Amino acid sequence: MRFGIIGTGTVGRTLAAKLVALGHEVTLGSRTKDNTAAVSWADQSGPNGHAGTFADAADFGEVVINATAGTVSLSALRLAGAERLAGKVLIDVSNPLVFSPTGEVSLEPVNTDSVGEQIQREFPEARVVKALNTLSAPLMVDPGRVPGPHQLFVAGEDPEAKALVRGVLEQFGWPGDQVVDLGGISAARGTEMLMPFWLRLMGHFGHTDFNYSIRSAD
């Protein structure tokens, strides 16, 4: 498949590298065509890796991944263009983390809204699926870094879009029974609110190779 990734940070580059390794084609998009991180990644990725603008990535991808910071996701996707996102599965990996000058973390939006919902409202023809926003980038594409069963969460309004995302996650190595469907896109409120807790856990463990393991009675 062809993937367009919006965002050139660690998450975007990690997902892009995995997708290319799996044989997919990827355009890694940034605000400018000459973005150093995107161009360097493309130069190292062979013929299936490309660099471009947000609009180039959205136009190229059959599936688009929003890997920007949640506080700037809407502005980045506006630059990508609603017409280029229409009808496509849009995987939202973002979290709306806001850091105070003293290092305290909050979310904006929170409680009554989420970035996932904001994206779906602003781009109603896109098929938004919230996923992969509750764990570190290396673990997203290599679940075996943590032993035993542990879970990912997906949320969105389109069942076919969620099924496609499940397929991508299985290619990353996630067993289907470890991907939990939380229902509609409003469930993104809960998964986004996990991130301040996740940051506390990172401080406790001193690394990012951990994840949530949900146990249920039969």
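Everything discussed here concerns the structure shown above.
Computed from a prediction, not measured in an experiment: that's the story for all the values here.

Could you give me a rundown of the packing of helix H1 (residues 10-21) against helix H8 (residues 159-172), with the residues and numbers involved?
Axis separation between H1 and H8 bottoms out at 10 Å; the angle between their running directions is 80°. What the angle tells us is that H1 and H8 run roughly perpendicular. From H1, Leu-15, Lys-18 and Leu-19 reach across to H8, where they touch Val-168, Gln-171 and Phe-172. Grouping the amino acids of the contact of H1 with H8 by side-chain chemistry returns four nonpolar, one polar and one charged.

Go over the pattern of salt bridges, please, and point to the residues and values.
Inspection of every chain in the model, using the stated rule, returns 12 salt bridges. For the salt bridge of Glu-83 with Arg-84, the shortest nitrogen-to-oxygen distance reads 3.0 Å. Residue Glu-83 is classed as exposed on the basis of its relative accessible area of 57%. Classification of Arg-84 by relative accessible area gives partly exposed; the value is 27%. Between Arg-127 and Glu-160 there is a salt bridge, with its nearest N and O atoms 3.9 Å apart. Of the two residues, Arg-127 is situated in strand E8 (residues 127-131) and Glu-160 in helix H8; the sequence distance between them amounts to 33 residues.

Rules used in this analysis
Residues numbered from 1 in each chain as written. Predicted model: local features only at pLDDT ≥ 70, side-chain atom pairs only at ≥ 80, totals over all residues. Heavy atoms only, no water. Axes fitted to C-alpha atoms, helices over the stretch in contact; angles between N-to-C directions. Helix = DSSP H or I, 4+ residues; strand = E, 2+ residues; numbered from the N terminus. Parallel < 35°, antiparallel > 145°, perpendicular 65-115°, else oblique. Contact = heavy atoms within 4.5 Å. Nonpolar A, V, L, I, M, F, W, Y, C, P; charged D, E, K, R; others polar. Salt bridge = Lys/Arg side-chain N within 4 Å of Asp/Glu carboxyl O. Buried < 20%, exposed > 50% of the residue type's maximum accessible area, 1.4 Å probe, protein only.

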